[in-house]
Amino acid sequence: MEDRRLRFYLDELMPVAIAEQLNRRGIDTITVQRLRLKGRSDSHHLRLAIEMRRVLCTLDDDYFDLIKNVAFHSGIVFGARKDRRSIGTWVRFLTWMHETYSQDDMRNRVEYLRLV
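Undergrad: What is the right way to look at the pattern of salt bridges in this model?
TA: Between side chains of opposite charge, pairing is possible as soon as their charged atoms come close. Inspection of every chain in the model, using the stated rule, returns six salt bridges. Linking D104 and R4 is a salt bridge whose minimum nitrogen-to-oxygen distance equals 2.5 Å. Separated by 100 residues along the polypeptide, D104 in helix α6 (residues 103-106) and R4 in the segment before β1 (8-10) bring together distant segments of the chain. With a relative accessible area of 22%, R4 lands in the partly exposed category. In this structure, the salt-bridge partner of E111 is R109, at a minimum N-O distance of 2.7 Å. Overall, E111 belongs to the buried group, its relative accessible area being 6%.

Here's what the structure looks like:
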């Protein structure tokens, strides 16, 4: 049976430390830096996250316009730039999402970072 747990894709605005902590917890998380794709366009990152079936995590509101132009996406978690939450808040929230939602649950869904 296919594993339907969430996997995350952190864009270049996201601290790499979030991915490091999630991966230590056994949550499959990749970063733009690890993929060596820093400087690529947001549309490139969205397309790649869709291809990889990963939830895109970002502080960049450009993605709201970009998702209007795709048939579907694998989910987006958005945290506002002006509301810089701690790395721990991100880790707790994404861990909670990983335990709560499946890939099917996140299809075409946008979540906003919140305290859990």
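Undergrad: Is there a simple way to think about the sheet that holds strand β5 (residues 110-112) in this case?
TA: Two strands in a sheet stick together by hydrogen bonds in their backbones, pointing the same way (parallel) or opposite ways (antiparallel). As summarised here, the arrangement of the five strands in space is β2-β1-β3-β4-β5, forming an open sheet in which the pairing is parallel. Both edges of this open sheet fall to β2 (29-31) and β5, since each of them pairs with a single strand only. In this sheet, adjacent strand axes meet at a mean angle of 25° when their direction is disregarded. Bridging between strand β4 (residues 76-78) and β5 involves three bridges; their strand directions are parallel. Looking across to β5, one finds that F78 is bridged to Y112. Against the sheet, helix α5 (residues 87-100) touches β1, β3 (55-58), β4 and β5, its axis set at about 150° to β4.

Undergrad: Would you take a moment to explain unusual backbone geometry for this structure?
TA: Negative phi values dominate among residues other than glycine, just as trans dominates among peptide bonds. At R53, a residue that is not glycine, the phi angle is positive and equals roughly 55°. The partly exposed category is assigned to R53, whose relative accessible area is 37%. With phi around 60°, N108 is a residue other than glycine that occupies positive phi space. Along the chain, the position of N108 falls in the loop between α6 and β5. Judged by relative accessible area, which is 39%, N108 ranks as partly exposed.

Undergrad: How do you make sense of the layout of surface pockets when you look at a structure like this?
TA: Estimates place the volume of the largest pocket at around 160 Å³. In terms of lining residues, the largest pocket is bounded by R4, L6, R7, I50, R53, V55, F72, H73, S74, Q103, D104 and R107.

Undergrad: In this structure, what is going on with the environment of A80? I would like to understand it.
TA: Within the fold, A80 resides in the loop between β4 and α5. Separated by 39 residues in the primary sequence, A80 and S41 have C-alpha atoms spaced 19 Å apart.

Undergrad: Looking at this structure, I do not really get the environment of P15. What am I missing?
TA: Looking at the secondary structure, you find P15 in the loop between β1 and α1 (16-24). Expressed as a C-alpha distance, the spacing of P15 and I87, which sit 72 residues apart in the sequence, is 7.5 Å.

Calculation rules
Residues numbered from 1 in each chain as written. Predicted model: local features only at pLDDT ≥ 70, side-chain atom pairs only at ≥ 80, totals over all residues. Heavy atoms only, no water. Salt bridge = Lys/Arg side-chain N within 4 Å of Asp/Glu carboxyl O. Helix = DSSP H or I, 4+ residues; strand = E, 2+ residues; numbered from the N terminus. Buried < 20%, exposed > 50% of the residue type's maximum accessible area, 1.4 Å probe, protein only. Pairing = 2+ DSSP bridges. Axes fitted to C-alpha atoms, helices over the stretch in contact; angles between N-to-C directions. Contact = heavy atoms within 4.5 Å. 1 Å grid on protein atoms, 1.4 Å probe; cavity = no way out; pocket = protein on both sides within 12 Å on 5 of 7 lines; lining within 4 Å. Points joined across faces, edges and corners; volume = space filled by probe spheres on them.

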